[in-house]
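# Fold and contact review
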Amino acid sequence: MSAVKSITPLSEEEYLRSELTNETKHELIDGYAYAMAGASRNHERISINLLSEFRSHLKNSPCEPFGSDIKVKTRSNFFHPDAMVVCDDQSEDEYYTNAPAIIIEVLSKSTRKADESTKLLSYINIPSLQEYVLIEQDFVDIQVIRRNEGWLPKHYFLGDQITFESIDLTLAVEEIYHRVQNEDMLEFLESKDK
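## Some remarks on the overall build of the chain
Along the backbone of the chain there are 6 helices and 13 strands. Against the globule reference of 16 Å for 194 residues, the chain gives a C-alpha radius of gyration of 17 Å, in line with a compact fold. Each principal axis of the C-alpha atoms in the chain carries an extent, and together these give about 55 × 35 × 30 Å. Taking all 194 residues of the chain together, 44% fall into the buried category. Carbon and sulfur atoms provide 48% of the accessible area of the chain, an area that totals close to 10,500 Å².

Now the structure itself:
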């Protein structure tokens, strides 16, 4: 979430209407719209790697993956997660869901605080949500917080496998970070080449 906050509060209807015409995406938190900053290449690589794996795995399933253009509604707030999987959405709205099974946020310096606090508290109160995933882009660390584990965080690093239990998909951490350029990945790839 960016530090650019709307000056006056917006109703849900005003927010949703403005999002259809705004060039910049916004998140609505407690009545105020916050402009979202652009994403880095590493951020996009991680998001696309996951969405590609999810799409392939879920091709013949009722579940489907979405990127950051589809919003998640939690109470009267709206967020743009980097990736998510929706399995049983009864909503008729084409622009948001309130029933994700998995939500993924790729962390950056500007979003970390919100992703680990405001969004965490909002997301874990979504009845359908089974897993909330926080992925570092500047180094290798994936934190998975699962409902069935009491929302306690579990960390995964290079060499580990992660099972996204709600969709029965296991991926190597290395696959999620494919083509990501950070120090951990460079060292890992150098050690594999030796």
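Once you've had a look at it, read on.
## Observations regarding the packing of aromatic side chains
In the structure shown here, the tally under the stated rule is 5 aromatic pairs. Ring plane angle 35 degrees and centroid distance 5.3 Å describe the contact between Tyr 15 and Phe 78, whose orientation is recorded as tilted. Taken together, the residues span a long stretch of sequence, with Tyr 15 in helix H1 (residues 12–19) and Phe 78 in strand E5 (residues 77–79) at a distance of 63 residues. With relative accessibility at 0%, the residue Tyr 15 sits in the buried group. By relative accessible area, which is 0% here, Phe 78 ends up buried. Centre to centre, the rings of Phe 54 and Phe 164 are 5.5 Å apart; their planes meet at 85 degrees, and the pair counts as edge-to-face.

## Observations regarding the environment of Leu 171
The residue Leu 171 is located in strand E13 (residues 169–172) in this model. For the pair Leu 171 and Asp 160, spaced 11 residues apart in the sequence, the C-alpha separation amounts to 8.7 Å. Here Leu 171 is in contact with Leu 50, Glu 53, Asp 160, Gln 161, Ile 162, Phe 164 and Ile 176, once residues within four sequence places are set aside.

## What about the side chain of Glu 131?
By the secondary structure assignment, Glu 131 is in strand E9 (residues 131–136). Residue Glu 131 is classed as buried on the basis of its relative accessible area, which comes to 1%.

## Re the state of the cysteines
Applying the stated criterion across every chain, the model contains 1 disulfide. Linked covalently through their sulfurs, Cys 63 and Cys 87 form a disulfide whose S-S length is 2.1 Å. Between Cys 63 and Cys 87, the S-S dihedral sits near 110 degrees, and the bridge is therefore right-handed. One end of the pair, Cys 63, is in the loop between helix H2 (41–57) and strand E3 (64–67); the other, Cys 87, is in the loop between strand E6 (83–86) and strand E7 (96–97), with 24 residues separating them in the sequence.

About the cut-offs
- Residues numbered from 1 in each chain as written.
- Predicted model: local features only at pLDDT ≥ 70, side-chain atom pairs only at ≥ 80, totals over all residues.
- Heavy atoms only, no water.
- Helix = DSSP H or I, 4+ residues; strand = E, 2+ residues; numbered from the N terminus.
- Rg over C-alpha atoms; globule rule 2.2 N^0.38 Å.
- Buried < 20%, exposed > 50% of the residue type's maximum accessible area, 1.4 Å probe, protein only.
- Areas by Shrake-Rupley, 256 points an atom, 1.4 Å probe, with all protein chains shown as cover.
- Phe/Tyr/Trp six-rings, centres within 6.5 Å; stacked < 30°, edge-to-face > 60°.
- Contact = heavy atoms within 4.5 Å.
- Disulfide = S-S within 2.5 Å.

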